[in-house]
Amino acid sequence: MNSNSQHASPRPAPIEDVQGRTDPRRLAINKVGICDIRHPVSIAQRVGGHQSTVATFAMYVNLPHEFKGTHMSRFVEILNAHEQQITPDSFQLMLEEMAERLEANNGHIEMYFPYFVDKYAPVTGEKGVMDYEVGFIGDRVDGVSTLYVEVQVPVTTLCPCSKDISDYGAHNQRSLVTIRVRADAFFWAEELIDIAESEGSCELYGVLKRIDEKAVTERAYENPKFVEDVVRDIATRLNDDDRFRSYRVTSENFESIHNHSAYAMIEHDKDAE
Ligand SMILES: Nc1nc2c(ncn2[C@@H]2O[C@H](COP(=O)(O)OP(=O)(O)OP(=O)(O)O)[C@@H](O)[C@H]2O)c(=O)[nH]1
């Protein structure tokens, strides 16, 4: 007779499912879940291969009024169950699984991660690296999932007014352009980064030698842009590409002559036209 059967430990008392209790307040919750959870991910690159990085996730579902709490461990279980290679398809699957596992009608997942792209200085071709913040955002409402991709791209802007009214020079600054799109066909996040960088006064680089610095200084001066110009020129590019069905473009110029920023935003949904 084996030793186990002689000293069988007492079965633990069942633990109450507190989250499963009913709640009397008749208040439904729009979003409940987990946020600020970091997880390793692997992202396909336009240049080929995959890039390993770390994403910060937020995962929410709605909670009907009758339930006391959601089952938070299930969010983490879903995240852990997925291979680290996150694609739009696997992201959509995570969204569907979350609604199913949490028995919710609506769900929202967002993941933001630093994404690194090799960049070559404009004259010397010196190789540098630029980091961008990229986001995958998913909404699921009554069984329909909508996915968005967002890029946050720093650029240089040089003020057209300052240039035109001054005998020499023009105030210029770093700006942060944010583009969020919904698309109905495949695209690379790098394409959105390219659009943002080409519609500032000049793009940024990781490494610049003096001859490169001369080139970017003169390029910005020759290409002045208000904050309004940046969002209008990017919106024009997105309007011309049928893959992008809706977008929101913002630019925040960290003005070098004020202790405040200039800001502009354009949003448009082609399918609501
Ligand atoms: N709903 C809710 N859960 C919380 C809160 N604070 C902690 N928790 C979580 O409650 C979790 C455990 O609840 P469940 O996820 O339902 O765990 P479980 O019941 O053993 O798992 P299931 O059988 O899948 O429901 C822990 O992982 C805690 O993180 C809170 O404020 N609200």
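The name given to the chain in an unreviewed UniProt entry is GTP cyclohydrolase FolE2, with the source organism recorded as Salinisphaera japonica YTM-1. Turning to the chain, the UniProt record has this under Sequence similarities (unreviewed entry): "Belongs to the GTP cyclohydrolase IV family." We quote the UniProt Catalytic activity (unreviewed entry) comment for the chain here in full: "GTP + H2O = 7,8-dihydroneopterin 3'-triphosphate + formate + H(+)".

Caption draft 1: How the structure looks around the overall build of the chain. Along its length, the chain carries seven helices and nine strands. For 273 residues, the compact-globule estimate of 2.2 N^0.38 gives 19 Å, and the C-alpha radius of gyration of the chain, at 24 Å, exceeds that figure by more than 25%. Reported as C-alpha extents along the three principal axes, the dimensions of the chain are approximately 95 × 45 × 40 Å. Put simply, the chain has 273 residues, and 41% of those count as buried. If you sum the accessible surface of the chain, you get close to 15,700 Å²; carbon and sulfur atoms cover 49% of it. Side-chain charges of the chain comprise 28 positive and 45 negative groups, with the mean position of each set lying 3 Å from the other.

Caption draft 2: Quick peek at the UniProt feature "site: May be catalytically important" (unreviewed entry) in the chain. In the numbering adopted here, UniProt assigns the feature "site: May be catalytically important" (unreviewed entry) to C159. As for its position among the elements, C159 is in the loop between β5 (144-158) and α4 (160-165). C159 sits in the buried class, given a relative accessible area of 10%. For C159, the residues in contact, after removing those within four places along its chain, are A170, H171, P224 and F226.

Caption draft 3: Structural view of the pattern of salt bridges. A full pass over the atoms with the stated rule returns 19 salt bridges. Across the pair D23 and R25 runs a salt bridge whose closest N-O atoms are separated by 2.4 Å. Judged by its relative accessible area of 12%, D23 is buried. A relative accessible area of 55% means that R25 is categorised as exposed. The residue D233 makes a salt bridge to K225 at a minimum N-O spacing of 2.5 Å. Given a relative accessible area of 28%, D233 falls into the partly exposed group. On the basis of relative accessibility, which here comes to 8%, the residue K225 falls in the buried class. If you follow the salt bridges from partner to partner, you end up with K119, E197, E203 and R219 in one network.

Caption draft 4: Examining the pairing of strand β4 (residues 127-141) more closely. Alignment of strand β3 (residues 106-120) against β4, held across 15 bridges, turns out to be antiparallel. Considered in β4, the bridge of N106 is made with V141. In textbook terms, the turn of a hairpin is the stretch between consecutive antiparallel strands, and for β3 and β4 this stretch comprises six residues, one of which, G125, has a positive phi near 70 degrees. Strand direction decides the pairing type here: β4 and β5, joined by nine bridges, are antiparallel. Each residue of the ladder has a partner; that of F136, found in β5, is V149. What sits between the antiparallel neighbours β4 and β5 is a turn of two residues, in which D142 has the positive phi angle 50 degrees.

Caption draft 5: Representation of the layout of surface pockets in the model. As a volume, the largest pocket reaches approximately 560 Å³. The wall of the largest pocket is formed by 28 residues, among which P88, F136, V149, F186 and F187 lie closest to the centre. Contributions of two or more residues to the lining of the largest pocket are made by β1 (29-44), α3 (88-101), β3, β4, β5, β6 (172-183) and α5 (189-198). Looking at which element gives the most residues to the lining of the largest pocket, the answer is β5, with five residues. A class-by-class count of the residues in the lining of the largest pocket yields 20 nonpolar, four polar and four charged.

Caption draft 6: Quick look at the side chain of K270. Along the chain, K270 falls in the segment after β9 (262-269). At 2.8 Å, the side chain of K270 forms a polar contact with the backbone oxygen of F244. In this structure, K270 is in contact with L238, N239, D241, D242, F244 and R245, ignoring residues within four places of it in sequence.

Caption draft 7: Structural view of the packing of helix α2 (residues 72-81) against α3. At their nearest, the axes of α2 and α3 sit 10 Å apart, and the two run at 150 degrees to each other. Judged by the angle between their axes, α2 and α3 are roughly antiparallel. Between α2 and α3 lies a crossing of right-handed hand. Between α2 and α3, the residues in contact are R74, F75, E77, I78 and L79 and M94, E97, M98 and R101, respectively. Residues belonging to the contact of α2 with α3 are distributed by class as follows: five nonpolar, no polar and four charged.

Parameters at a glance
- Residues numbered from 1 in each chain as written.
- Predicted model: local features only at pLDDT ≥ 70, side-chain atom pairs only at ≥ 80, totals over all residues.
- Heavy atoms only, no water.
- UniProt positions renumbered as here; feature names shortened; annotations may be inferred.
- Helix = DSSP H or I, 4+ residues; strand = E, 2+ residues; numbered from the N terminus.
- Rg over C-alpha atoms; globule rule 2.2 N^0.38 Å.
- Buried < 20%, exposed > 50% of the residue type's maximum accessible area, 1.4 Å probe, protein only.
- Areas by Shrake-Rupley, 256 points an atom, 1.4 Å probe, with all protein chains shown as cover.
- Lys, Arg positive; Asp, Glu negative; His and termini not counted.
- Charge placed at Lys NZ, Arg CZ, Asp CG, Glu CD.
- Contact = heavy atoms within 4.5 Å.
- Salt bridge = Lys/Arg side-chain N within 4 Å of Asp/Glu carboxyl O.
- Pairing = 2+ DSSP bridges.
- 1 Å grid on protein atoms, 1.4 Å probe; cavity = no way out; pocket = protein on both sides within 12 Å on 5 of 7 lines; lining within 4 Å.
- Points joined across faces, edges and corners; volume = space filled by probe spheres on them.
- Nonpolar A, V, L, I, M, F, W, Y, C, P; charged D, E, K, R; others polar.
- Polar contact = N/O pair within 3.5 Å; in protein donor to acceptor, adjacent residues only side chain to side chain.
- Axes fitted to C-alpha atoms, helices over the stretch in contact; angles between N-to-C directions.
- Parallel < 35°, antiparallel > 145°, perpendicular 65-115°, else oblique.
- Left-handed = near helix turned anticlockwise from the far one by under 90°.

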